[in-house]
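Chain residues, written in single-letter form:
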Amino acid sequence: MPSPRRNVDARPLAASASSSSSGPGSPAHGGGGGGGGGGGGGRFEFQSLLSSRAPGLDPTCTRLRASESPVHRRGSFPLAGAGPSQAPPAPLPEEDRMDLNPSFLGIALRSLLAIDLWLSKKLGVCAGESSSWGSMRPLMKLLEISGHGIPWLLGTLYCLSRSDSWAGREVLMNLLFALLLDLLLVALIKGLVRRRRPAHNQMDMFVTLSVDKYSFPSGHATRAALVSRFILNHLVLAIPLRVLVVLWAFILGLSRVMLGRHNVTDVAFGFFLGYTQYSIVDYCWLSPHNAPVLFLLWSQQ
Ligand SMILES: CC(C)=CCC/C(C)=C/COP(=O)(O)O
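In the annotation of an unreviewed UniProt entry, the protein is listed under the name Polyisoprenoid diphosphate/phosphate phosphohydrolase PLPP6 and assigned to Panthera leo. What UniProt states about the protein under its Sequence similarities (unreviewed entry) heading is, verbatim, "Belongs to the PA-phosphatase related phosphoesterase family."

As structure tokens, then:
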């Protein structure tokens, strides 16, 4: 089991350090302050800086435990002068390490993640009854139902059963296909990514699937983007109604974060995915020409 102490696995460096500039007078020499000390005598602090700058050192020296926060890294390793009698410790397993010199992309992603978590927590103002906007929670939950999969699936099936024109049936059949594709893709990605919902979320949602314990991407956001793009492209609506459809999608996405159900990136990616899903549906548009069996079967119902 990894030690709870925030130690950098820099043990191979000890030998190099003894022959280089590090010593009791070196700035890298910690003297035990700041929690880096422990067994094995004196310890070096801030080894990450030292090892990342020292040329020719073993790159494995620049690694630390993966469970540690990068902002709290604090290196420590036995003093070079601790004596050659100490047996060289076994290296940490690869999966228990993390690069101390992450790429620019790594830094950018970590920063984005930190901003995402911070912003999502700030915006989660309806996460509980006692939250600052807790009184708005019932309204947010109503919005949640307006973007839930069940009313959309049942509503589409109902309209399909009532439709008496081929054109109407074609559009509804494609909406049904779009909704099913959305459920499938979201479940697949949620199952693959397995990002937990924010800690401040109360899991009191109306009918969920097992993958809905995960938050990335937001299924409501994908549906909002998909359905609103579908409606705007296939229903002839007056401008105010078109604006209302776009507003509904946007507010539904925002409400996911306000309810504490999602982080901002879950919703942003959900919008992107829903928008893309519509392009897929449009590309594979089902019609009596390319899917005659489907339409014949339905018309015999
Ligand atoms: C049971 C059916 C048919 C759909 C589940 C819909 C649902 C609960 C999606 C989760 O949405 P979020 O990812 O936005 O929380």
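Peer 1: Can you walk me through the pattern of salt bridges in this structure?
Peer 2: Think of it this way: side chains of opposite charge can pair up when their charged atoms draw near. Inspection of every chain in the model, using the stated rule, returns 10 salt bridges. For Glu129, the salt bridge is made with Arg137, and the minimal N-O distance between the two is 3.7 Å. Taking relative accessible area as the criterion, Glu129 reaches 60% and is therefore assigned exposed. The buried category is assigned to Arg137, whose relative accessible area is 2%. The salt bridge partner of Asp266 is Arg195, with a shortest N-O separation of 2.8 Å. One end of the pair, Asp266, is in helix α9 (residues 264–283); the other, Arg195, is in the loop between α6 (166–193) and α7 (219–234), and 71 residues separate them in sequence. Residues Asp266 and Arg195 agree in their burial class; the two are buried. Members of the salt-bridge network, linked through shared partners, are Glu129, Arg137, Lys141, Glu144, Asp204, Arg256 and Arg261.

Peer 1: How should the environment of Val186 be read in this particular structure?
Peer 2: Relative to the elements of secondary structure, Val186 occurs in helix α6. Here Val186 falls in the buried class, since its relative accessible area comes to 7%. The spatial distance from the C-alpha of Val186 to the C-alpha of Thr222 is 8.0 Å, given a sequence separation of 36 residues. Excluding its chain neighbours within four sequence positions, the residues that come into contact with Val186 are Pro217, Gly219, Thr222 and Leu273.

Peer 1: Could you clarify how one ought to interpret the packing of aromatic side chains in this entry?
Peer 2: Two aromatic rings are characterised by how far apart their centres lie and by the angle between their planes. What the rule picks out here adds up to six aromatic pairs. Relative to Phe269, the ring of Phe216 has its centre 4.8 Å away and its plane inclined at 25°; by these criteria the two rings are stacked. Linking Phe216 in the loop between α6 and α7 with Phe269 in helix α9, this pair joins segments that are 53 residues apart in sequence. We classify Phe216 as buried; its relative accessible area is 17%. For Phe269, a relative accessible area of 26% gives the class partly exposed. Grouped by ring-pair contacts, the aromatic residues Phe216, Phe269 and Phe272 constitute a single cluster. Across the ring face of Trp166, the terminal group of Arg169 is positioned such that the distance to the ring centre comes to 4.9 Å. One Lys or Arg, Arg229, reaches over the ring of Tyr275 and ends 3.9 Å from the middle of that ring.

Peer 1: Honestly, the site of the ligand in this entry has me stumped. Any pointers?
Peer 2: By nearness alone, 17 residues border the ligand, and Lys190, Arg197, Gly219, His220 and Arg256 come closest of all. Gly219 has a polar backbone atom sitting 2.8 Å from an oxygen atom of the ligand. Contact with the protein chains hides 94% of the accessible area of the ligand, taken as 440 Å² for the molecule alone. Every element with two or more residues in the shell around the ligand is listed here: α6 and α7. Counting residues per element, the shell around the ligand draws most heavily on α7, at three residues. A class-by-class count of the residues in the shell around the ligand yields six nonpolar, six polar and five charged.

Peer 1: What is the right way to look at the UniProt feature "transmembrane region" (unreviewed entry) in the protein in this model?
Peer 2: The residues that UniProt annotates with the feature "transmembrane region" (unreviewed entry) are residues 172–193 and 230–251. As annotated, residues 172–193 has a helix share of 100% and a strand share of 0%, and its two end C-alpha atoms lie 31 Å apart. As annotated, residues 230–251 has a helix share of 82% and a strand share of 0%, and its two end C-alpha atoms lie 18 Å apart.

Peer 1: Which parts of the structure should I look at to understand the packing of helix α4 (residues 137–146) against helix α8 (residues 239–258)?
Peer 2: Where α4 contacts α8, the two axes come as close as 9 Å, and the packing angle between them is 125°. Here α8 runs oblique to α4, going by the angle between their axes. Crossing geometry of α4 relative to α8 is assigned as left-handed. On the side of α4, the interface is formed by Met140, Leu143, Glu144 and Ser146, while α8 contributes Trp248, Ile251, Leu252, Ser255, Arg256 and Met258. Considered class by class, the residues forming the contact of α4 with α8 number six nonpolar, two polar and two charged.

Peer 1: Would you mind showing me how to read the packing of α8 against α9 here?
Peer 2: The geometry of α8 relative to α9 is characterised by a closest axis approach of 8 Å and an angle of 155° between their N-to-C directions. Between α8 and α9, the angle falls in the class roughly antiparallel. In the packing of α8 onto α9, the handedness of the crossing is right-handed. Between α8, through Ala249, Phe250, Gly253, Arg256 and Val257, and α9, the contact on the second element is made entirely by Val264, Val267 and Phe271.

Parameters at a glance
Residues numbered from 1 in each chain as written. Predicted model: local features only at pLDDT ≥ 70, side-chain atom pairs only at ≥ 80, totals over all residues. Heavy atoms only, no water. UniProt positions renumbered as here; feature names shortened; annotations may be inferred. Salt bridge = Lys/Arg side-chain N within 4 Å of Asp/Glu carboxyl O. Buried < 20%, exposed > 50% of the residue type's maximum accessible area, 1.4 Å probe, protein only. Helix = DSSP H or I, 4+ residues; strand = E, 2+ residues; numbered from the N terminus. Contact = heavy atoms within 4.5 Å. Phe/Tyr/Trp six-rings, centres within 6.5 Å; stacked < 30°, edge-to-face > 60°. Lys NZ or Arg CZ within 6 Å of the ring centre and 35° of its normal. Near = heavy atom within 4 Å. Polar contact = N/O pair within 3.5 Å; in protein donor to acceptor, adjacent residues only side chain to side chain. Areas by Shrake-Rupley, 256 points an atom, 1.4 Å probe, with all protein chains shown as cover. Nonpolar A, V, L, I, M, F, W, Y, C, P; charged D, E, K, R; others polar. Axes fitted to C-alpha atoms, helices over the stretch in contact; angles between N-to-C directions. Parallel < 35°, antiparallel > 145°, perpendicular 65-115°, else oblique. Left-handed = near helix turned anticlockwise from the far one by under 90°.

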